[in-house]
Amino acid sequence: MRPEHTSLRPLSDLVTTLGSDATLLRPDTDPERPADMPPREVHVRGITHDSRRVRQGDLYAALPGTRVHGAEFSRQAADAEASAILTDAEGAESAAATGLPVIVVPDVRAVLGPVASWVYGDPARDLLLVGTTGTSGKTTISYLIESGLRKAGMSTGLVGTVEMRVGDERVASSLTTPEATDLHGLFAVMAERGITAAAMEVSSHALALGRVGGARYDVAIFTNLSQDHLDFHSDLRDYFDTKARLFTPEYCDIAVVNTDDRFGRALVDMVAGRGDIPVTTFAVEGGSDAGPENGMEADWNAVDVRLGDTGSSFRVVGPGGMEAEASVALPGPFNVSNAMAAIVGLVEAGLPMETAIAGVAAAPGVPGRMEPVAARSAASEQDFTALVDYSHKPGAIEAVLDSLRATTKGRITMVVGCGGDRDRAKRPLMGEAAARLADQVIITNDNPRSEDPVSIAAAMLEGVAKVPENHRAHVTVELDRAEAIGLGVARTGPGDVIVVAGKGHETGQYVKGEVLPFDDREVLLNAIEDALRSRASERLGSALQNVHRAPDPG
Ligand SMILES: CC(=O)N[C@H]1[C@@H](OP(=O)(O)OP(=O)(O)OC[C@H]2O[C@@H](n3ccc(=O)[nH]c3=O)[C@H](O)[C@@H]2O)O[C@H](CO)[C@@H](O)[C@@H]1O[C@H](C)C(=O)N[C@@H](C)C(=O)N[C@H](CCC(=O)O)C(=O)O
Ligand SMILES: Nc1ncnc2c1ncn2[C@@H]1O[C@H](COP(=O)(O)OP(=O)(O)OP(=O)(O)O)[C@@H](O)[C@H]1O
Ligand SMILES: N[C@H](CCC[C@H](N)C(=O)O)C(=O)O
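Given the structure is predicted, the values throughout are model-derived calculations rather than measurements.

Draft legend 1. Quick look at the domain arrangement of the chain. Domain boundaries in the chain define domain 1 (9–119), domain 2 (122–362) and domain 3 (371–537). One C-alpha centre belongs to domain 2, the other to domain 3, and the line joining them spans 28 Å. Tallied by class, residues from the side of domain 2 that touches domain 3 come to six nonpolar, six polar and three charged.

Draft legend 2. Structural view of the pairing of strand β9 (residues 156–159). Neither face of β9 is exposed, since Thr156 and Leu158 on one face and Gly157 and Val159 on the opposite face are all buried. Here β9 runs beside strand β12 (residues 197–201); their pairing, made up of four bridges, is parallel. Pairing of Val159 across the sheet is with Met200, part of β12. Here β9 hands over to strand β10 (residues 163–166) after three residues, the two strands then running antiparallel side by side.

Draft legend 3. Representation of the environment of Gly99. Tracing the chain through its elements places Gly99 in the loop between α3 (89–96) and β7 (102–104). Given 11 C-beta atoms within 10 Å, Gly99 falls into the exposed group. Gly99 sits 339 residues away from Ala438 along the chain, and the two C-alpha atoms are 62 Å apart.

Draft legend 4. The site of ligand 2, seen in detail. Near ligand 2, the surroundings consist of 22 residues, among which Ser136, Lys138, Thr139, Thr140 and Ala396 are the closest. If you list the elements that add at least two residues to the shell around ligand 2, you get α5 (138–151), α10 (333–348) and α12 (394–407). Ranked by residue count, the leading element in the shell around ligand 2 is α12, at four residues. Grouping the constituent residues of the shell around ligand 2 by class yields five nonpolar, 13 polar and four charged. Viewed by domain, the shell around ligand 2 spans two of them, domain 2 (122–362) and domain 3 (371–537), each represented by three or more residues.

Draft legend 5. The arrangement of the site of ligand 3 in detail. The immediate surroundings of ligand 3 are formed by Thr176, His392, Gly419, Arg422, Asp446, Asn447, Gly502, Lys503 and Glu506. Class assignment of the residues belonging to the shell around ligand 3 gives a composition of no nonpolar, five polar and four charged.

Draft legend 6. Representation of the sheet that holds strand β24 (residues 497–501) within the structure. The sheet built from six strands is open, its strands ordered β19-β20-β24-β21-β22-β23 with mixed pairing. Where the open sheet ends on each side, the last strands, each with one partner, are β19 (371–372) and β23 (474–477). Where β19 and strand β20 (residues 385–389) come together, two bridges link them in antiparallel fashion. Note on β20: the bridge partner recorded for Pro372 is Leu387.

Draft legend 7. Seen up close, helix α9 (residues 262–274). For α9, with 13 residues, the first-to-last C-alpha span of 19 Å sits near the 18 Å given by 1.5 Å per residue. Buried within α9 we find Phe263, Gly264, Arg265, Leu267, Val268 and Val271. On its buried side, α9 packs onto β13 (219–222), α8 (236–244), β14 (255–258) and β15 (279–284). Gly275, located one to two residues past α9, shows a positive phi value of around 70°.

Draft legend 8. Local environment of the sheet that holds strand β4 (residues 46–48). Strand order in this open sheet of five strands is β2-β7-β6-β5-β4, and the pairing throughout is mixed. The open sheet is flanked by β2 (23–25) and β4, the only strands paired with a single partner. Direction aside, the axes of adjacent strands within the sheet are offset by 25° on average. Packing of helix α4 (residues 108–119) onto the sheet brings it into contact with β4, β5 (58–61) and β6 (84–87), and relative to β4 it is tilted by some 155°.

Draft legend 9. Geometry of the environment of Thr87. With respect to the element layout, Thr87 can be found in strand β6. Each residue touching Thr87, except ones within four places of it in the same chain, is listed here: Ala62, Ala71, Ala92, Ala95, Val102, Val104 and Val108.

Draft legend 10. Representation of the UniProt feature "binding site: meso-2,6-diaminopimelate" (unreviewed entry) in the chain in the model. According to UniProt, the positions carrying the feature "binding site: meso-2,6-diaminopimelate" (unreviewed entry) are Arg422, Asp446, Asn447, Pro448, Arg449, Gly502 and Glu506. Structurally, Pro448 can be placed in the loop between β22 (440–443) and α14 (453–464). With residues near it in sequence (within four places) discarded, Pro448 still touches Gly420, Pro453, Ile456 and Val511. Within the fold, Gly502 resides in the loop between β24 and β25 (508–511).

The rules behind each value
- Residues numbered from 1 in each chain as written.
- Chains lettered and ligands numbered in written order.
- Predicted model: local features only at pLDDT ≥ 70, side-chain atom pairs only at ≥ 80, totals over all residues.
- Domains from an automatic or database assignment.
- Nonpolar A, V, L, I, M, F, W, Y, C, P; charged D, E, K, R; others polar.
- Buried ≥ 20, exposed ≤ 12 C-beta atoms within 10 Å, placed from the backbone.
- Helix = DSSP H or I, 4+ residues; strand = E, 2+ residues; numbered from the N terminus.
- Pairing = 2+ DSSP bridges.
- Near = placed C-beta within 6 Å.
- Expected span 1.5 Å × (residues − 1).
- Contact = placed C-beta atoms within 7 Å.
- Axes fitted to C-alpha atoms, helices over the stretch in contact; angles between N-to-C directions.
- UniProt positions renumbered as here; feature names shortened; annotations may be inferred.

Dropping the structure here:
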C-alpha cells in the first residue's frame, strides 16, 4: 500500500542526513549544464526495494540478497523511472551504469528503515504503536490489541502474518513484518487516513534484517520463545538475542513480558539490568513453568482461570489492587496468556483496564487460529469438534494438544506436516510432540516448497519413533493433504476432536515453485460434509434393512 499524496524530497537532504557514511555518485551526463552550475537537484517521492514495483520518482533500494543482488535490477528500476538508487559498494557499479544518481552506504538494510521514514515524512510520528514479538502468539495478540484500541474509540491499523488492515480495508500479507520500505509506506497510508493507533507483529527476521528500522513502539510485548527458524538463526541463543533487540530504547518506550516463559524471565533480567526502559510483567496462574519458585513474581496475574471449549474466563489482578473479571473467545490456557499480554499491553499504552478487558473480550476469533469448522448443511449432526490451527512448530503443537486434552472427553486426531525449506531441526520435534500428545496423527504435506515430501515426513517419523510404543498415538502417513484431512474426519467419532495443524489462514500450498489453491478450512468443511452425508446414508441404509428384516405383522 502506498499513500496517495506524497511530497517531493530533495536527495541532497538525504545525503546530508546519512552523514559521512554515505557517498553520492552523480551521473556525468548533463552536457547542457554549465560547468560552474551546481548539479540539478533530484527529488524522491516514494521508495521500494523491489525493481518490479518501482514507480516514477522512487528511490530504488538495491539490497544484497541470499539469491541475487538487487543492483542487478537497476536497469529495470531506471526504465520504470526511479529517480535514484540506494545501494552498497557491491551494487555501486551496476547502479551507476544506469546514469541515475546513486547513494552508496556500507549496509543498505541498516539505514533502510530511517531512509523510508524520511521519504514519507516520518509517518508513524503520531501513531500509537504496539509491537509484539515471540515465537507464538504474535498474530493472536495483535488482533486482541486491535480490538482493544477500537474499543477505546481509536481508528486502527494492523500489521501481521494474516493481513494488513488500515481501518476496515484489508490487504493480504506476504510476510509477518513487511520490509521497511513497505512498512513506512503503510504507515503513510495510515497517517493519510487518520489512523491513530496500530497493533503490529515484529518477527525475528524483521529485527535481523532491519525491517523495523525507523519504527518506535510505545509498547513492545514479548510472548515466549521455543524452537523455530533455526534455518535462519544459528541457535536458540541467537534467536533470543535477535528478539531481545526490540526491548531497547532504540525501538520501544516500555516492555511487557511474559514471565511464565523462561526466556521471558531472562529478558526481564536483561532489561532490568540495563535499566534503560521500564518493564511490566504478566503471568497466568498455573502457567507453564511459572511461579515464585522461579524467582519472579509478575506485576499482573490471571487467576481463577475457567477453561471452556470455545474460550476462557479469568480474573485479572494488577498492581495497586486493580482487579476485574475478563474473558477471551479463544480456547486453551495459551490464549489466556495471549489475552493477558494484550490487556497489559493496552493498559501500558494508556487505556483504562476496563476498556482493555472489554476490547479483548469483544474480539471474535483469529483466522486460522483454533478456528472451528462446522458443517453448514447438517451442522446439528456434527457431533465432533473440528479445528484449523496454525501450529507449525513444536511449542505450538504442544500448547494446542495440551489444551485440547484438558477439555476433550473423546479422542484427539491431529493432521500435520512440516514446511519445506524451513528449519529442518523442528521436524522430528513436531512429529514427537504430536505422537506423544494426540491419540491419532496423520502425517501429511504442509508446504513442501522445493523439498521432497517423503524426506520431510521421514524426518517427522524420526521424532515419532522416539515416543515409546505404548505411549504413542496411532500414526498414519498420507502425503496428499486433502486425502489426509478426509481420512482424519472419517476416523473422528462422537465427542472427538480433529485439528488440522500448520497452515491456518493460508490459502495456497507451495509445491515446487507453484502455489496450488488450498485452504484447510474449505477442505476440512468439505470432508466433514461428505462424512456426514455418507454417515446419514449408511444410517438410512441400515434402517431400511431393518424394515425389510422386520417380521411380517400379519
Ligand atoms: C530470509 C528472508 O527473509 N528473505 C527475504 C529476503 O530475500 P532474499 O535475501 O533471498 O532476496 P533475493 O531474492 O536474493 O533478492 C535480493 C533483492 O533483489 C530484489 N529483487 C529481486 C528480483 C527482482 O526481479 N527484482 C528485485 O528488485 C529483492 O526485492 C531483494 O530486495 O528479502 C526479500 C525481499 O524483501 C524477502 O521477500 C525475503 O523473504 C522471504 C520471501 C521469506 O520467506 N522470508 C520469511 C522466512 C520471513 O521473513 N519470515 C518472517 C518470520 C515469520 C514468522 O514469525 O514465522 C516474516 O517476518 O515473515
Ligand atoms: N501463547 C502461546 N503459546 C504457545 N502456543 C501458542 C500461543 N499462542 C498461539 N499459539 C499457537 O501458535 C499458533 C500460531 O499463533 P499466532 O499466529 O498467534 O502466533 P505467531 O507468533 O503469530 O505465529 P507465526 O510466527 O507462526 O505467525 C497458534 O495457532 C497456536 O497453535
Ligand atoms: N512464517 C512461517 C510460516 C510457516 C507456515 C507453515 N505452513 C510452513 O510453511 O512451514 C514461515 O514462513 O516459516
